[in-house]
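Now for the letters of each chain:
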Amino acid sequence: MPRPIHAVIHQPALANNLDVVRRCAPQSRVWAVIKANAYGHGIRRAFAGLRAADGFGLLDLNEAVLLRELGWQGPILLLEGFFQPQDVPLLEQYRLTTAVHCEEQLRMLEVARPKGPLGIQLKLNTGMNRLGFRPEQYRTAWERARTLSCVGSIVHMTHFSDADSARGIAHQLDVFDATTANLPGEASLSNSAATLWHPQAHRAWVRPGVVLYGASPTGVAADVASFGLQPAMSLHSELISVQDLQPGDTVGYGSLFKAERPMRIGRGGLRLRHMICVDLTPCPKAKVGSAVTLWGQGLPIDDVAMASGTVGYELMCALAPRVPVTVATLTAPEQPALA
Ligand SMILES: *Cc1c(COP(=O)(O)O)cnc(C)c1O
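Everything numeric here is computed off the predicted structure, so don't read it as measured data.

Participant: Break down the domain arrangement of the chain for me, with residues and values.
Facilitator: As assigned here, the chain comprises domain 1 (11–220) and domain 2 (233–328). Centre-to-centre separation of domain 1 and domain 2, based on C-alpha positions: 36 Å. Taken together, the contacts link 13 residues of domain 1 with 12 residues of domain 2. Taking both partners together, domain 1 and domain 2 bury about 1,100 Å²; carbon and sulfur atoms supply 67% of that area. Contact with domain 2 buries area across many residues of domain 1, yet Y39, R45 and G219 alone supply 37% of it, more than any other trio. At the junction of domain 1 with domain 2, the criterion picks out zero salt bridges. Scanning the region where domain 1 abuts domain 2 turns up two residue pairs in polar contact (both at pLDDT 80 or more).

Written out as structure tokens, the structure reads:
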């Protein structure tokens, strides 16, 4: 007997959220970020909802190949570029735009000498300190890239560490603008948070991820309430257990929760790293088998995540492959998933 759980992916919500991004950044083209299997939604399922994007950003070559197989002819950006010399011919074969963030990648292009033209996004490390050329190396890297006959356009790229928090982006934006001043080429800087809240960083391209799926970059649903985002995933289950607790009873491993009053709690048929128990005291009729929505329309994933000590991104990516999924398509209300 399968666990009573199923997810619904809402393609109209994805399309709506892409529209929200367009309204926020009307001058910019949009790389819809679909890494991590479209943040747990499934690339096949997410694609139809996001196909009005100008391009797709992802991490893995096989995800890029899948997109081509789905019929996407437009730009695809490898957000962290390629890793080995044998990847270089695939850039050409699948017409992939690639981030170039380190010496080794430049050298692989210099050695492989593909025909091109390849679009590259040259990554400047403005303080995130994960990937990218340091400001003092950047111009040299740009000159090297420019002299490669295989390189077509060079877009200047960076990534923000604090666009969703009080520190903000000024310290990184200043470094970016100073370093790229007088160099020709478009720029690509903004993740979801900068797309919503930092218009000065929009430039030619924005690279939103998590907002496309309807979650907040801060992990707080109220922070995005005014934008009209819709949840792209809902997760439904049934109660598989109901327990009546007396004051002092504790719940689960490590006894992390302690009842302070008599209460009734329930557990859904959900298996994630984060177990979710709910207080059923306000729902006296709830019993084993009662339908529950774990997150989705009317119940923001960020609220659920916060109550379970995580963020929406982690929950949506944790959707296990064995959970049955239906797709609410753009044309019909609900249809069986492709696979
Ligand atoms: C993941 C990622 C994004 C999107 O980030 P969100 O916070 O989900 O919007 C943008 N750019 C790069 C390089 C990324 O790796």
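Participant: Explain the sheet that holds strand β2 (residues 29–33) residue by residue, including any values.
Facilitator: Ordered in space as β2-β3-β4-β5-β6-β7-β8-β9, the eight strands form a closed barrel in which the pairing is parallel. Bridging between β2 and strand β3 (residues 55–58) involves three bridges; their strand directions are parallel. Bridge pairing in β3 links V33 to G57.

Participant: Talk me through unusual backbone geometry; I want residue IDs and the actual numbers.
Facilitator: Cis geometry is adopted by the peptide bond preceding P117, which originates at G116 and carries an omega value of 0°. At N129, a residue that is not glycine, the phi angle is positive and equals roughly 60°. We note that R203 has phi near 55°; this positive angle belongs to a residue other than glycine. Mapped onto the elements of the fold, R203 is located in the loop between α9 (192–197) and β9 (205–206).

Participant: Now, about the pairing of strand β8 (residues 187–190): what can you tell me, with residues and values included?
Facilitator: Along a regular strand, successive side chains alternate from one face of the sheet to the other. When strand β7 (residues 151–157) meets β8, the two strands line up parallel, connected through two bridges. Its bridge partner lying in β8, M157 is registered against S188.

Participant: Just give me the short version of the site of the ligand, but keep the residues and values in it.
Facilitator: Among the 13 residues in the neighbourhood of the ligand, the closest are listed as K35, Y39, S192, G209 and V210. Take K35: an N or O atom from its side chain is 2.7 Å from an oxygen atom of the ligand. Within the contact set of the ligand, a nitrogen atom lies 3.5 Å away from a side-chain nitrogen or oxygen of H159. Relative to its free-state accessible area of 390 Å², the ligand is covered by the protein chains to the extent of 87%. A per-class count over the shell around the ligand returns six nonpolar, four polar and three charged.

Participant: Any details on the pairing of β7? Residues and values, ideally.
Facilitator: Burial analysis of β7 places five of its seven residues in the buried class, which makes it a mostly covered element. In the sheet, strand β6 (residues 118–123) pairs with β7 via five bridges, with the strands oriented parallel. Residue I120 lies in a different strand from β7, and its bridge partner there is I154. Note on the crossover from β6 through helix α7 (residues 135–147) to β7: the handedness is right-handed.

Participant: Describe the pattern of salt bridges, with residues and values.
Facilitator: Any two side chains of opposite charge can pair if their charged atoms end up close together. By the definition in use, this model includes 10 salt bridges. One salt bridge connects E186 with R29, and the closest N-O pair in it is separated by 2.5 Å. With E186 in the loop between α8 (170–180) and β8 and R29 in strand β2, this residue pair connects regions lying 157 residues apart in the sequence. Take R29: its relative accessible area is 32%, and that puts it in the partly exposed class.

Participant: I'd like to hear about the nonpolar core, residue by residue, with values.
Facilitator: In terms of nonpolar packing, the biggest core is built from 92 residues, with I34, L50, F56, L67 and Y213 touching the most fellow members. Residues lining this core come from more than one domain, with at least three contributed by each of domain 1 (11–220) and domain 2 (233–328). Contact partners of Y213, with chain neighbours within four places excluded, come to L14, N17, V33, I34, A38, Y39, H41, L50, Q230, P231, A232 and M316. One finds L245, V251, M263 and I265 within the second-largest nonpolar core, a separate group that totals five residues.

Participant: Tell me about the packing of helix α6 (residues 103–112) against α7, and name the residues and values.
Facilitator: Axis separation between α6 and α7 bottoms out at 10 Å; the angle between their running directions is 15°. One way to sum up the angle between α6 and α7 is to call them roughly parallel. Note on packing geometry: the crossing formed by α6 with α7 is left-handed. Contacts between α6 and α7 involve E103, L106, R107 and E110 on the former and, on the latter, A141, R144 and A145. Per-class residue counts for the contact of α6 with α7 are three nonpolar, no polar and four charged.

Participant: So what's going on with the packing of helix α3 (residues 43–50) against helix α4 (residues 61–69)? Residues and values would help.
Facilitator: Interhelical geometry of α3 versus α4 gives an angle of 55° and a closest axis separation of 11 Å. Classed by the angle they form, the pair α3 and α4 counts as oblique. Of the two elements, α3 crosses α4, and the hand of that crossing is right-handed. Contacts between α3 and α4 pair I43, R44 and F47 from the former with E63, L66 and L67 from the latter. Split by residue class, the contact of α3 with α4 holds four nonpolar, no polar and two charged.

Cut-offs and rules
Residues numbered from 1 in each chain as written. Predicted model: local features only at pLDDT ≥ 70, side-chain atom pairs only at ≥ 80, totals over all residues. Heavy atoms only, no water. Domains from an automatic or database assignment. Contact = heavy atoms within 4.5 Å. Buried area = accessible area lost by both parts, 1.4 Å probe. Salt bridge = Lys/Arg side-chain N within 4 Å of Asp/Glu carboxyl O. Polar contact = N/O pair within 3.5 Å; in protein donor to acceptor, adjacent residues only side chain to side chain. Pairing = 2+ DSSP bridges. Helix = DSSP H or I, 4+ residues; strand = E, 2+ residues; numbered from the N terminus. Near = heavy atom within 4 Å. Areas by Shrake-Rupley, 256 points an atom, 1.4 Å probe, with all protein chains shown as cover. Nonpolar A, V, L, I, M, F, W, Y, C, P; charged D, E, K, R; others polar. Buried < 20%, exposed > 50% of the residue type's maximum accessible area, 1.4 Å probe, protein only. Right-handed = clockwise from strand over helix to strand, strands pointing away. Core = buried A, V, L, I, M, F, W, Y, C linked by side-chain atoms within 4.5 Å. Axes fitted to C-alpha atoms, helices over the stretch in contact; angles between N-to-C directions. Parallel < 35°, antiparallel > 145°, perpendicular 65-115°, else oblique. Left-handed = near helix turned anticlockwise from the far one by under 90°.

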